[in-house]
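Next come the chains, spelled out residue by residue.
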Amino acid sequence: MEKTRSTTILAVRRNGKTVIAGDGQVTLGNSVMKATAKKIRKLQDGKVVVGFAGSAADGLALMERLEEKLNKYGGNLLRAAVELAKDWRMDKFLRRLEAVLIAADKEHMFLISGNGDVIEPDEPILSTGSGGDYARSAALALYRNTDLDARKIVEEAMKIAGEICIYTNQNITIEEIQ
């Protein structure tokens, strides 16, 4: 089976607004298999937004697990993320899931992985996926050197990533929370 390459997910927070974007491209080998995939979801009645990179089925399963943890811990994203990462690392079934999540609320943003990672960035910019480093680099430059709002930073950074990364396209889904 060929490796599926998919996605650029980018999160930016500025002036009380958190914005997450994901591109729509899914690539299998040398072919674009889908151009309009939706990899971003709002959870907890719009209080938490999550994006995934990796296997779609695995990403969606992890989003469901995160939502269960959020419900269990009263919407506390930090606690839910840590508990999900612990389960993901320890559970035989979950360990096989091949995806990475970015989850954010008004106060926090985390990269959550099956290695047990729950990483909150120093600056309020976080990315993952095939084009994540391109998007993050562009977003950091815009964040540090302009007064653009979070949405505009995300839009421009994702556009730049889509111009550089062959696994990223311009079909961008954006969600924001305040």
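Residues numbered from 1 in each chain as written. Predicted model: local features only at pLDDT ≥ 70, side-chain atom pairs only at ≥ 80, totals over all residues. Heavy atoms only, no water.

Student: What should I look at first to understand the pairing of strand E5 (residues 31–34) in this one?
Tutor: Remark: a regular strand shows side chains that alternate across the two faces of the sheet. As paired strands, strand E4 (residues 26–28) and E5 are joined by 3 bridges and run antiparallel to one another. The residue of E5 that forms the bridge with Val26 is Lys34. (Pairing = 2+ DSSP bridges. Helix = DSSP H or I, 4+ residues; strand = E, 2+ residues; numbered from the N terminus.)

Student: Help me understand helix H5 (residues 150–164) in this model?
Tutor: Along an α-helix, residues three or four apart share an orientation, since each turn contains 3.6 residues. With 15 residues, H5 extends 21 Å from end C-alpha to end C-alpha; this agrees with the ideal 21 Å at 1.5 Å per step. Among the residues of H5, Ala150, Ile153, Val154, Ala157, Met158, Ala161 and Gly162 are the ones counted as buried. Buried residues of H5, viewed axially, fall in a sector of 160 degrees; they line one side. (Expected span 1.5 Å × (residues − 1). Buried < 20%, exposed > 50% of the residue type's maximum accessible area, 1.4 Å probe, protein only. Arc of directions from axis to C-beta.)

Student: Can you walk me through the environment of Gly132 in this structure?
Tutor: In this fold, Gly132 is placed in helix H4 (residues 132–145). Overall, the relative accessible area of 1% leaves Gly132 in the buried class. Spatially, the C-alpha atom of Gly132 lies 6.3 Å from that of Ile9, the residues being 123 residues apart in sequence.

Student: Can you help me understand the sheet that holds strand E8 (residues 99–104) in this one?
Tutor: In any sheet, the strands associate via hydrogen bonds between backbone groups, in a parallel or an antiparallel arrangement. Taken together, 5 strands build an open sheet; the order of strands is E6-E7-E8-E9-E10 and the sheet is antiparallel. Two strands close off the open sheet at either side, each with one partner strand: strand E6 (40–43) and strand E10 (118–119). Contacts from helix H1 (residues 56–72) reach E6, strand E7 (48–54) and E8 within the one sheet, and its direction differs from that of E7 by about 150 degrees. (Contact = heavy atoms within 4.5 Å. Axes fitted to C-alpha atoms, helices over the stretch in contact; angles between N-to-C directions.)

Student: Which parts of the structure should I look at to understand the packing of aromatic side chains?
Tutor: Each aromatic ring pair is characterised by the separation of its centres together with the angle its planes make. For the structure shown, the criterion picks out 0 aromatic pairs. The cationic tip of Arg14 hangs over the ring face of Tyr143; the distance from NZ or CZ to the ring centre is 4.3 Å. (Phe/Tyr/Trp six-rings, centres within 6.5 Å; stacked < 30°, edge-to-face > 60°. Lys NZ or Arg CZ within 6 Å of the ring centre and 35° of its normal.)

Student: Would you explain the sheet that holds strand E11 (residues 125–129) in this entry?
Tutor: The strand order across the open sheet formed by 4 strands is E11-E2-E3-E12, and the pairing between neighbours is antiparallel. Strands with a single pairing partner mark the edges of an open sheet, and in this sheet they are E11 and strand E12 (173–177). For this sheet, the mean inter-axis angle between neighbouring strands, taken without regard to orientation, is 10 degrees. Along the sheet, H5 contacts strand E2 (8–14), strand E3 (17–22) and E12; its crossing angle with E2, the most-contacted strand, is approximately 155 degrees.

Student: Is there a simple way to think about the environment of Ala56 in this case?
Tutor: In this fold, Ala56 is placed in helix H1. Residue Ala56 is classed as partly exposed on the basis of its relative accessible area, which comes to 44%. The spatial distance from the C-alpha of Ala56 to the C-alpha of Ile166 is 19 Å, given a sequence separation of 110 residues.

The analysis is restricted to geometry; functional conclusions fall outside its scope.
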